[in-house]
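Fold and contact review
Listed below, chain by chain, are the residues.
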Amino acid sequence: MATIADIAAKLGISKSTVSKALNNATDISASMRQRVLETAAQMGYMGRRLARTEKKLCILIANMDYETPNQFGHDIVLGFRQMAEAEGWTVDVVPMDKEFQKLTPYGVFMLDHGYQAAYILGFSLLDPWMVDFKTSQIPTVLYDNYIRSNPYIASVGCDSQEGFDLAVKHLVSLGHKKIGLISGPLDSYILRARYNAYLRAMEKYGLEIGENYIGMGYYVAESTRTYIPKLLEQGITAILFSHDIRAISAMTECSDRGIQIPRDLSLIGFDDLPMTAYTEPPLTTIRQDRIALGGCGYYAISCLLSGLPIGSILLRAPLIVRGSTGPAPVA
């Protein structure tokens, strides 16, 4: 573990200057303070963070809504806070964008705010701090992301493979043989995981995997408008979706086209958002227990802070069968 003396030697300055920079003294320049913080972060300095009497954690959120109960991130934040605050931690929820990440290294941000650890929600593989996490020595837990070979980083999520296996098994039991996938682009760890889970589940049940059975796009409504007719032209009778929002968009598209669900086409989402029980028909979906995901995030942070280098925690992903799946249409 790096010390103040190590940082001072690295920069060729006095230990008192380093101490002032780490403690936000007013008689030191902003540029010097930045140099010290960046060097401290690079060297894995932890003294200031561990010495603080205030117990502070943060949840850093990008690309995820969380402020109201119907939004995906709300219950994850709630589950984390319920456990952390019961053990005396202060938890800050901090929205994060790519521009800020480009300007401020992860370690500098954490040192500057005195956070002992962080739970990271909604980051894609394109977020700049995903590179920082590879070498960071700050206890950090990633939701739906994974960093190899860094004992300070853990991952939490749901078992996508189990979820897709259950979904395909359910569809096969209803007589479906041609099953498609509509997903966002593969620029996130979890979308890659779900794409691969779909391929493995199809292979497991001996089903044909066609390049034209899969549709990917950034924009939800545009993707469903484009791929619903294309997949139907291929003889697809059921579609899996990477997220519930895409499945719900597909319901609207099918309604506009006079396609009846599930008589003409079965749909399965992923997440079990609160609204899915009230769509018409109610959406069959793979459930993520978001309160539990928040609690697991805190549990993983507790392990890392205790020196236990855990890797991944995967929750079960049960299939919630509702009215959007039915027997395959007779050819």
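Residues numbered from 1 in each chain as written. Predicted model: local features only at pLDDT ≥ 70, side-chain atom pairs only at ≥ 80, totals over all residues. Heavy atoms only, no water.

**Overview of the overall build of the protein**
Put simply, the rule reads: To qualify as a helix, a DSSP run of H or I must reach at least 4 residues; to qualify as a strand, a run of E must reach at least 2; elements of each kind are numbered from the N terminus. Exposed residues in this analysis have more than 50% of their type's maximum accessible area, buried residues have under 20%, and partly exposed residues fall in between, with area computed by a 1.4 Å probe over protein chains only. Throughout, a contact is declared for two residues whenever any of their heavy atoms are within 4.5 Å. Here the accessible surface of atoms and residues is derived via Shrake-Rupley with a 1.4 Å probe, and residues count as covered only by protein chains that are part of the display. Under this rule, positive means Lys or Arg and negative means Asp or Glu; His and the chain ends count for nothing. Each charge is placed at NZ for Lys, CZ for Arg, CG for Asp and CD for Glu.
The number of helices and strands found in the protein is 13 helices and 12 strands. The principal-axis extent of the C-alpha atoms belonging to the protein is close to 80 × 35 × 35 Å. Each of the 331 residues in the protein was classed as buried or not, and the buried ones make up 53%. In the protein, of all internal contacts separated by at least 6 residues, the share reaching a separation of at least 24 is 70%. Just so you have it, the protein exposes about 15000 Å², and 53% of that area is on carbon and sulfur atoms. For the protein, the centre of its 31 positive side-chain charges and the centre of its 33 negative side-chain charges are spaced 5 Å apart.

**What about the side chain of Ser136?**
Selection rule: Here a polar contact means two N or O atoms within 3.5 Å. Within protein one must be a hydrogen donor candidate and the other an acceptor candidate, and residues neighboring in sequence count only if both atoms are side-chain atoms.
As for its position among the elements, Ser136 is in the loop between helix 8 (129–132) and strand 4 (140–143). At 3.1 Å, the side chain of Ser136 forms a polar contact with the backbone nitrogen of Ile138. Not counting chain neighbours up to four residues away, the residues in contact with Ser136 comprise Tyr106, Asn150 and Tyr152.

**A few points about the nonpolar core**
Basically, it comes down to this: Grouping buried Ala, Val, Leu, Ile, Met, Phe, Trp, Tyr and Cys residues that are joined through side-chain atoms within 4.5 Å yields what is termed a nonpolar core.
Among the nonpolar cores identified, the biggest contains 66 residues, and Tyr119 and Leu240 are the most heavily contacted of them. Formed by 19 residues, the second largest nonpolar core is a distinct cluster that contains Ala62, Met96, Phe133 and Ile147.

**Considering the pattern of salt bridges**
Which entries qualify depends on this criterion: Definition used for salt bridges: Asp or Glu carboxyl oxygen within 4 Å of a side-chain nitrogen of Lys or Arg.
One pass over the full model with this rule turns up 11 salt bridges. Among the ionic pairs, Glu85 bridges to Arg81, the shortest N-O distance being 3.5 Å. Taken together, the residues Glu85 and Arg81, both in helix 5 (residues 72–86) and 4 residues apart, mark about one turn of the helix. The partly exposed category is assigned to Glu85, whose relative accessible area is 43%. Taking the relative accessible area as the measure of exposure, Arg81 reaches 30% and is therefore partly exposed. Note that Glu162 and Arg316 form a salt bridge whose closest N and O atoms lie 2.8 Å from each other. Residue Glu162 is found in helix 9 (residues 160–173), and its partner Arg316 is found in the loop between strand 11 (312–315) and strand 12 (319–320); the two are separated by 154 residues along the sequence. Among the ionic contacts, a cluster of salt bridges with common partners joins Asp272, Arg287 and Arg322.

**A short note on the sheet that holds strand 12**
Spelled out, the test is: Two strands are said to pair when DSSP picks up at least two bridges between them. Each axis is a line fitted through C-alpha atoms, and for a helix only the stretch in contact is used; angles between axes span 0 to 180 degrees, taken between their N-to-C directions.
On the basis of which strands lie adjacent, the open sheet formed by 6 strands has the order 7-6-8-9-10-12 and mixed pairing. Since the sheet does not close on itself, it has two edges, and those belong to strand 7 (214–216) and strand 12, each with one partner. Strand direction decides the pairing type here: strand 10 (residues 284–287) and strand 12, joined by 2 bridges, are antiparallel. Looking at strand 12, one finds that Ile286 is bridged to Leu319. On the sheet, helix 10 (residues 189–204) packs against strand 6 (179–183), strand 7, strand 8 (238–241) and strand 9 (266–271) and is oriented at approximately 175° with respect to strand 6.

**Here we look at a nonpolar patch on the surface**
Quick note on the threshold: Like-charged residues are merged into a patch within 9 Å and nonpolar side chains (Val, Leu, Ile, Met, Phe, Trp, Tyr) within 5 Å, provided each residue has over 30% relative accessible area and no salt bridge.
Side chains of Leu125, Tyr146 and Tyr189 sit close together on the surface and give an oily, nonpolar patch of about 230 Å² of accessible area. Relative to the assigned elements, Tyr146 resides in the loop between strand 4 and strand 5 (153–158).

**Notes on the sheet that holds strand 5**
Spatially, 2-1-3-4-5-11 is the arrangement adopted by the 6 strands of the open sheet, whose pairing is parallel. Edge positions in the sheet fall to strand 2 (90–95) and strand 11, since each has one partner strand and no second. Within this sheet the neighbouring strands show an average axis-to-axis angle of 20°, counted without direction. Taken together, the 3 bridges between strand 3 (residues 117–121) and strand 4 define a ladder with parallel strand orientation.

**Side note on the pairing of strand 4**
Covered by surrounding structure in strand 4 are Thr140 and Leu142 together with Val141 and Tyr143, the residues of both alternating faces. Pairing of strand 4 with strand 5, which is carried by 4 bridges, proceeds in the parallel orientation. Bridge pairing in strand 5 links Leu142 to Ser155.

**Observations regarding unusual backbone geometry**
That bond from Ile261 to Pro262 is cis: its omega, 5°, falls within 30 degrees of zero. On the secondary structure map, Pro262 appears in the loop between helix 12 (244–257) and strand 9. Pro281 follows Glu280 through a cis peptide bond whose omega is -5°. Assignment of secondary structure puts Pro281 in the loop between strand 9 and strand 10. For Asn63, which is not glycine, the phi torsion reads 60° and is therefore positive. In this fold, Asn63 is placed in the loop between strand 1 (56–61) and helix 5.

**Remarks on the packing of aromatic side chains**
Just so we agree on the cut-off: Only Phe, Tyr and Trp rings take part, Trp by its six-membered ring, and two of them pair if their centres are within 6.5 Å. Stacked means planes under 30 degrees apart, edge-to-face means over 60, and tilted covers everything else. A ring has a charge above it when a Lys NZ or an Arg CZ is no more than 6 Å from the ring centre and no more than 35 degrees off the ring normal.
Overall, the coordinates contain 12 aromatic pairs when judged by the stated rule. Taken together through their ring pairs, the aromatic side chains of Phe100, Tyr106, Phe109, Tyr115, Phe123, Trp129 and Phe133 make up a single cluster. Against the face of Phe270 rests Arg194, its NZ or CZ located 3.7 Å from the ring centre.

**Let's talk about the environment of Ser306**
With respect to the helices and strands, the residue Ser306 is situated in the loop between helix 13 (290–305) and strand 11. Separated by 167 residues in sequence, Ser306 and Pro139 place their C-alpha atoms 9.7 Å apart. A polar contact is formed between the side chain of Ser306 and the backbone oxygen of Ser302, at a distance of 2.9 Å.

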